[in-house]
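# Report on the structure
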Amino acid sequence: MDLFKEIKLFLLDMDGTLNFEDELIPGAKEFLDTLINNHKQFVYLTNNSSRSGKDYVKKMRVLGLPCEAHQVFTSGMAMGLFLKQNRLSQTVYLVGTKALEIEILSYGVKLVEEKPDIVVVGFDRELTYQKLERACEFLCSGAEFLATNVDKVCPIKGGRYIPDCGSMCDMLEVATKKKPHYIGKPNRDMIDILAKEYHLENHEIAMVGDRLYTDIATAIHAKARSILVLSGETTIHDVNESSLKPDHIFTSVEELKDYFA
Ligand SMILES: [Mg+2]
C-alpha cells in the first residue's frame, strides 16, 4: 500500500507492541513476515540498556520472531554508536552492567577508571555505592554527563517496579547539580544514529510503538513517521487528550499488516 511506500526502515517497540513478556501479541509474527516479504528493513528498539543485543536476539527468537544481531538496537548500543560517531577520541567512565560494558567496548570506545572526559550511566542492575561515588567525583571535576535512558522505573513480573537509569541519574543530578543528556527514547538520538548507519533520511524511517510519550514522541522529535498501536498502554482516549499526535493509529500490528497486503 502507498501509505508506507517511502518507508525503508521500521523501528519496532517490543513490549506492548509485539509481545507482553513471553507472550506474542496476535498478528506479530505475520506482521514481521509481511515486512520481510515487502523487502522492508526492521530493527527492534528498546530503551533497556541492562541487557546486551545478544540477549534480545535470543529473546525474540524464543518468541518465534525473526531476529539477526543487526536487527536489535538497545539504548546501550545507541550510546556505543553515539560515542563512536561523535566522541571517539574521548575517554569514558561507565556506570553500567557488564553486558553494557562489553557492548560499549565493541564500538572502540575507551573506558577508563580515572580522569574520564565523559561519565556514561546506564540501567545498572550491578550498581554499587563506589561507582556512584566515582561518577560524582568525575562529574564535579567537569566530565560530560551522558545516560542511556530516562525511564525512572522498569516494570518486572508481578506488577512490580524497580529503579531504572532515570532514578540513578536523579541521584547523581541532586548530588552534582549536573543534568544528563539521555540518548534513548523520547529523544531523537536513536533515530538520528540509525539514519546515519543505514544512510537514510529520517522521513524514510517509521517508529511503531504503543506509548505516546516515548515511541511516538521519539518519532515526532526526529521528524520520522509515527505509528501508534493500541495493543499496549495507550487508549484512543489518551490520544485525544494528548498533544502528541501520531501520523497513523492501528488497533494492533495485526491491522497494520493488512496495509501491506
Ligand atoms: Mg512498549
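Definitions and cut-offs
Residues numbered from 1 in each chain as written. Predicted model: local features only at pLDDT ≥ 70, side-chain atom pairs only at ≥ 80, totals over all residues. Heavy atoms only, no water. Domains from an automatic or database assignment. Contact = heavy atoms within 4.5 Å. Buried area = accessible area lost by both parts, 1.4 Å probe. Salt bridge = Lys/Arg side-chain N within 4 Å of Asp/Glu carboxyl O. Polar contact = N/O pair within 3.5 Å; in protein donor to acceptor, adjacent residues only side chain to side chain. Helix = DSSP H or I, 4+ residues; strand = E, 2+ residues; numbered from the N terminus. Disulfide = S-S within 2.5 Å. Buried < 20%, exposed > 50% of the residue type's maximum accessible area, 1.4 Å probe, protein only.

### Some words on the domain arrangement of the chain
Per the domain assignment, the segments of the chain are domain 1 (2-47 + 186-257) and domain 2 (80-182). Computed over C-alpha atoms, the centres of domain 1 and domain 2 are 27 Å apart. Contacts between the two partners involve 10 residues from domain 1 and, on the opposite side, 11 residues from domain 2. Interface area for domain 1 against domain 2, summed over the two sides, is near 930 Å², with a carbon-plus-sulfur share of 43%. Considering only the side of domain 1, the residues that lose the most area to domain 2 are Glu21, Asn47 and Ile193, jointly responsible for 44% of the buried surface there. In this structure, the connection of domain 1 to domain 2 is made through zero salt bridges. Linking domain 1 with domain 2 are five residue pairs in polar contact (both at pLDDT 80 or more), by the criterion used here.

### Considering the side chain of Thr17
Relative to the helices and strands, Thr17 is located in the loop between strand 1 (9-12) and strand 2 (19-20). A distance of 2.8 Å separates a polar atom in the side chain of Thr17 from a polar atom in the side chain of Asp13. For Thr17, the contacting residues outside a window of four places in its chain are Ile25, Val208, Gly209, Asp210, Val229, Ser231 and Val253.

### Comments concerning the state of the cysteines
Counted under the stated rule, the structure contains zero disulfides. With no disulfide partner, Cys154 has as its closest neighbouring cysteine sulfur the one in Cys165, 11 Å distant. A residue is classified by how much of its surface remains accessible, and Cys154, at 13% relative accessible area, is buried.

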